Amino acid sequence: MSKRSTGRRVDPRSMSVATRAIHGAQLYPHKAPVAPPIVQTSTYRFENSGDALRYAQGDPDVYVYTRYHNPTVRAAEERLALVLESEQTLLVASGMAAISSAVLSGVRSGESLVSTPALYGGTYRFFRDILPRHAIRVRYTDPRRPAALDGLIDATTRIVYCETPTNPTLGIVDMEALVDSVRKAERRFRRKILIMIDNTFATSLNQHPFRFGVDVVIESATKYLGGHSDLIGGVIAGSREFIAGAHTQMKYYGGCADPFAAFLLLRSLKTFELRVRRQNENALALAVWLELDKHVARVLYPGLPSHPGFEIARRQMVGAGGLGYGGMVTIEVKGGLRKAVRVADALRVAVNAMSLGGTETLVSIPVYSSHVHMSASELRRHGVTPGMIRISVGVEGIDDILRDFTEALATDR
Ligand SMILES: Cc1ncc(COP(=O)(O)O)c(C=O)c1O
């Protein structure tokens with residue numbers, strides 16, 4: 001008997017993330033294709049001229065133009081809302097499009113944003129170079145001292161923004177303490193302050209910021225959600241009201257998602273949980289292994305007891321329903337930048353390339369990539385050193401990864 005004939009409906013929110021990521025809300029009707037169609041069109045035929053008016057009056061079922069809406073993009077957004085546990089999501093062209101659309105729809109000129117200095121370099125440069133042109137002020141707090149935040153929030157503050165774990169130093173921000181101080185400040189100033197978290201490194205499988213009272217979650221879908229180093233995308237998750245504002249912002253700045261990228265993303269979500277579980281396991285094994293290597297001065301991984309944020313990470317990741325501590329490991333080699341370059345160039349399994357979150361292990365040197373064009377004092381503030389190598393651990397056999405790093409670290413050429 002088909003589910004249709006019994007009329008039994010399954011609430012997808014009662015299912016595990018792995019199941020939700022594969023089936024979504026079973027949106028497609030009986031006998032529809034299992035893989036969604038790619039609606040690769042820029043525009044849509046109207047049934048009659050009244051359709052244009054119906055769209056303008058807010059009818060969500062009328063499609064007019066792909067920069068505004070597209071059925072494949074919308075299918076991905078609905079699936080992502082289930083995976084990220086949010087009321088609604090907006091899929092856009094890239095992680096940076098997600099960050100700029102979310103931030104610019106939450107803060108206006110004359111207002112301000114508070115952030116932590118340790119951020120993905122692109123985000124930091126957007127805050128440093130672009131926001132001031134809109135007369136938006138950015139102030140930075142020390143994430144290790146939650147009390148410092150109180151002194152920085154004032155009546156102009158509209159957004160408190162951070163990453164956790166941070167790129168590339170894997171610093172941990174205590175979300176419970178952060179939300180607590182921001183809500184107190186809101187009462188003091190009687191204004192809503194949006195808390196935004198870039199959850200790209202952890203993913204919604206390892207960390208659930210909404211469970212801590214965060215308002216908006218951003219993920220670069222290019223990374224773990226896409227997971228195969230073959231698409232660029234970004235997702236904003238939050239309330240219906242916030243997403244409507246971010247959608248308007250995106251419409252005019254123009255960073256819409258491409259239908260083919262949305263299709264690839266829907267495909268990738270089917271293995272999201274499998275991939276991330278394996279990446280978590282491989283990353284932990286590699287971090288433990290590298291701590292014993294004599295060429296390595298420091299291993300930064302939030303799942304290691306030696307990590308300064310370990311207790312907080314344990315509480316807010318694994319202790320709050322997360323699968324693990326993520327697939328990112330950063331090491332600092334003895335011998336500085338010269339040695340880091342030698343090691344990165346000697347790897348044979350791991351790929352020396354930008355980006356992260358793919359099935360293949362990727363390495364990059366932050367001072368040459370995400371943190372290039374930063375002054376020495378900015379690098380210090382971000383905690384980035386020349387001898388750092390950021391590793392996005394893939395799903396390869398762990399023995400091959402361990403051997404590759406051991407041999408590359410021992411190279412003296
Ligand atoms: C933490 C983080 N957020 C956002 C981005 C930007 O994502 P995208 O490259 O998809 O624009 C990156 C890119 O590396 C990132 O590492």
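How each quantity is defined
- Residues numbered from 1 in each chain as written.
- Predicted model: local features only at pLDDT ≥ 70, side-chain atom pairs only at ≥ 80, totals over all residues.
- Heavy atoms only, no water.
- Domains from an automatic or database assignment.
- Buried area = accessible area lost by both parts, 1.4 Å probe.
- Salt bridge = Lys/Arg side-chain N within 4 Å of Asp/Glu carboxyl O.
- Polar contact = N/O pair within 3.5 Å; in protein donor to acceptor, adjacent residues only side chain to side chain.
- Helix = DSSP H or I, 4+ residues; strand = E, 2+ residues; numbered from the N terminus.
- Phe/Tyr/Trp six-rings, centres within 6.5 Å; stacked < 30°, edge-to-face > 60°.
- Buried < 20%, exposed > 50% of the residue type's maximum accessible area, 1.4 Å probe, protein only.
- Expected span 1.5 Å × (residues − 1).
- Contact = heavy atoms within 4.5 Å.
- 1 Å grid on protein atoms, 1.4 Å probe; cavity = no way out; pocket = protein on both sides within 12 Å on 5 of 7 lines; lining within 4 Å.
- Points joined across faces, edges and corners; volume = space filled by probe spheres on them.
- Near = heavy atom within 4 Å.
- Areas by Shrake-Rupley, 256 points an atom, 1.4 Å probe, with all protein chains shown as cover.
- Nonpolar A, V, L, I, M, F, W, Y, C, P; charged D, E, K, R; others polar.
- Core = buried A, V, L, I, M, F, W, Y, C linked by side-chain atoms within 4.5 Å.
- Right-handed = clockwise from strand over helix to strand, strands pointing away.
- Pairing = 2+ DSSP bridges.

(A) Focus on the domain arrangement of the protein chain. Taken as a whole, the protein chain is organised into domain 1 (13–269) and domain 2 (272–410). Note on domain 1 versus domain 2: buried area summed over both sides is about 3,600 Å², and carbon and sulfur give 57% of it. Close ionic contact of Arg315 with Glu176 constitutes a salt bridge, the shortest N to O distance being 3.4 Å. Taken together, the links from domain 1 to domain 2 amount to 25 residue pairs in polar contact (both at pLDDT 80 or more). Secondary-structure elements contributing two or more residues to the side of domain 1 that touches domain 2 are helix 6 (121–130), helix 8 (175–189), helix 9 (203–206) and helix 11 (259–269).

(B) A look at the packing of aromatic side chains. A full pass over the atoms with the stated rule returns eight aromatic pairs. When the ring of Tyr65 is compared with that of Tyr68, the centres are 5.7 Å apart and the planes differ by 80 degrees; the resulting orientation is edge-to-face. Judged by relative accessible area, Tyr65 falls into the partly exposed class, the value being 36%. A ring pair is formed by Phe310 and Tyr325, whose centres lie 6.2 Å apart and whose planes are at 35 degrees; its orientation type is tilted. You can see Phe310 sitting in helix 13 (residues 310–316) and its partner Tyr325 sitting in the loop between helix 13 and strand 9 (328–333), a full 15 residues away along the chain. In this structure Tyr325 comes out as buried when scored by relative accessible area, which is 14%. Pairwise contacts between aromatic rings join Tyr55, Tyr65 and Tyr68 into one cluster.

(C) Main features of helix 8. Between its terminal C-alpha atoms helix 8 stretches 21 Å, which fits the 21 Å expected from 15 residues at 1.5 Å a residue. All buried positions along helix 8 are accounted for by Met175, Leu178, Val179, Ser181, Val182, Arg183, Ala185 and Glu186. Where helix 8 is buried, its residues contact helix 7 (146–152), strand 4 (157–163), strand 5 (194–198) and helix 13. Looking at the residues trailing helix 8, positive phi occurs at Arg190, about 55 degrees.

(D) Here's a closer look at empty space enclosed by the protein. Using the criterion set out here, one finds three cavities of 30 Å³ or more in the structure. Of the volumes computed, that of the largest cavity is approximately 100 Å³. In this structure, the largest cavity is lined by Thr116, Thr141, Asp142, Pro143, Arg145, Pro146, Leu149, Val173, Asp174, Ala177, Leu178 and Ser181. Broken down by element, the lining of the largest cavity gets its largest block of residues, three residues, from helix 8.

(E) Fine view of the site of the ligand. As a matter of local geometry, the ligand sits amid 15 residues, with Gly95, Met96, Asp198, Ser220 and Thr222 nearest to it. Take Gly95: an N or O atom from its main chain is 2.8 Å from an oxygen atom of the ligand. Asp198 places a polar side-chain atom, nitrogen or oxygen, 2.6 Å from a nitrogen atom of the ligand. Here the ligand has 390 Å² of accessible area as a free molecule, and 91% of this is covered by the chains. Residue contributions to the shell around the ligand peak at three residues, all from helix 5 (residues 95–106). For the shell around the ligand, a count of residues per class yields five nonpolar, seven polar and three charged.

(F) The arrangement of the nonpolar core in detail. In terms of nonpolar packing, the biggest core is built from 113 residues, with Val103, Tyr161, Met196 and Ile391 touching the most fellow members. When residues of this core are assigned to domains, at least three fall in each of domain 1 (13–269) and domain 2 (272–410). With residues up to four places along the chain from it excluded, the contact list for Tyr161 reads Ile99, Val103, Leu113, Val114, Ser115, Thr116, Leu119, Thr123, Phe127, Met196, Asp198 and Ile218.

(G) Spotlight on the environment of Glu241. You can see Glu241 is positioned in helix 10 (residues 240–253). With 154 residues separating them in the primary sequence, Glu241 and Glu87 have C-alpha atoms 9.6 Å apart.

(H) Region of the structure containing the pairing of strand 2 (residues 112–115). Of the two faces of strand 2, the one carrying Ser112 and Val114 and the one carrying Leu113 and Ser115 are both buried. Regarding the hand of the β-α-β motif, the stretch spanning strand 2, helix 6 and strand 3 (residues 137–140) is right-handed. The pairing of strand 2 with strand 4 spans four bridges and is classified as parallel. Directly across from Ser112, in strand 4, lies its bridge partner Thr157.

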